[in-house]
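Listed here are the chains, written in short residue letters.
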Amino acid sequence: MAIEYFIYSDLDKVEVERRLIVAADAANGLWESWGVRGDLGPFHEEIMEEYGVGKGFKSQVYCRHYKEHSVRAREAMLAFFESLPRRKLLLNGDVFVAFRPE
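## Concerning unusual backbone geometry
Where the residue is not glycine, phi is negative for most of them; where a peptide bond is considered, it is trans in most cases.
Okay, step 1: Residue Asn28 is not a glycine yet carries a positive backbone phi of 55°.
Okay, step 2: Within the fold, Asn28 resides in the loop between helix 1 (13-27) and strand 2 (33-37).
Okay, step 3: Look at Asn28 and you get exposed, because its relative accessible area is 66%.
Okay, step 4: Located in the positive-phi region is Arg86, a residue other than glycine, with phi close to 70°.
Okay, step 5: For Arg86, the position within the fold is in the loop between helix 3 (70-83) and strand 4 (88-92).

## Re a negative patch on the surface
Okay, step 1: A contiguous patch of negative charge, built from Glu45, Glu46, Glu49 and Glu50, is present on the exposed surface.
Okay, step 2: Inspection of the secondary structure puts Glu49 in helix 2 (residues 44-50).
Okay, step 3: Judged by relative accessible area, Glu49 falls into the exposed class, the value being 55%.

## A word on the packing of helix 1 against helix 3
What describes two packed helices is the angle between their axes and the distance between those same axes.
Okay, step 1: Running from N to C, helix 1 and helix 3 point in directions that differ by 150°, and their axes come no closer than 10 Å. For the element pair helix 1 / helix 3, the angle class is roughly antiparallel. Classified by chirality, the crossing of helix 3 by helix 1 is right-handed. Residue-level contacts link Val16, Arg19, Leu20, Ala23 and Ala27 of helix 1 to Ala76, Phe80 and Ser83 of helix 3.
Okay, step 2: In terms of residue class, the contact of helix 1 with helix 3 is built from six nonpolar, one polar and one charged.

Conventions used here
- Residues numbered from 1 in each chain as written.
- Predicted model: local features only at pLDDT ≥ 70, side-chain atom pairs only at ≥ 80, totals over all residues.
- Heavy atoms only, no water.
- Helix = DSSP H or I, 4+ residues; strand = E, 2+ residues; numbered from the N terminus.
- Buried < 20%, exposed > 50% of the residue type's maximum accessible area, 1.4 Å probe, protein only.
- Patch = residues over 30% accessible without salt bridge, like charges linked within 9 Å, V, L, I, M, F, W, Y side chains within 5 Å.
- Areas by Shrake-Rupley, 256 points an atom, 1.4 Å probe, with all protein chains shown as cover.
- Salt bridge = Lys/Arg side-chain N within 4 Å of Asp/Glu carboxyl O.
- Lys, Arg positive; Asp, Glu negative; His and termini not counted.
- Charge placed at Lys NZ, Arg CZ, Asp CG, Glu CD.
- Axes fitted to C-alpha atoms, helices over the stretch in contact; angles between N-to-C directions.
- Parallel < 35°, antiparallel > 145°, perpendicular 65-115°, else oblique.
- Left-handed = near helix turned anticlockwise from the far one by under 90°.
- Contact = heavy atoms within 4.5 Å.
- Nonpolar A, V, L, I, M, F, W, Y, C, P; charged D, E, K, R; others polar.

Structure follows, in structure tokens:
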């Protein structure tokens with residue numbers, strides 16, 4: 001079974017990707033797959049309203065890991081999330097985990 005996390009950020013794709021590469025290297029293979037999207041599509045702001053976020057984000061991080069690595073992989077993902085500056089939202093699948101308004 002795999003666990004997926006999504007981080008939405010006010011940083012642009014290039015900046016988030018640069019930071020994610022460093023975090024993925026530090027995670028030392030705990031994450032099965034990961035990536036960044038910069039084009040979040042026309043319905044992104046409507047979906048964000050469901051999470052209480054009034055304005056859309058610039059980028060989305062995707063990270064997936066296997067259940068047997070849950071604790072350490074999640075710790076690495078949370079550390080990455082907290083390291084990002086500005087406004088950000090963290091979801092586990094489509095379940096709200098955390099929102100930092102600034």
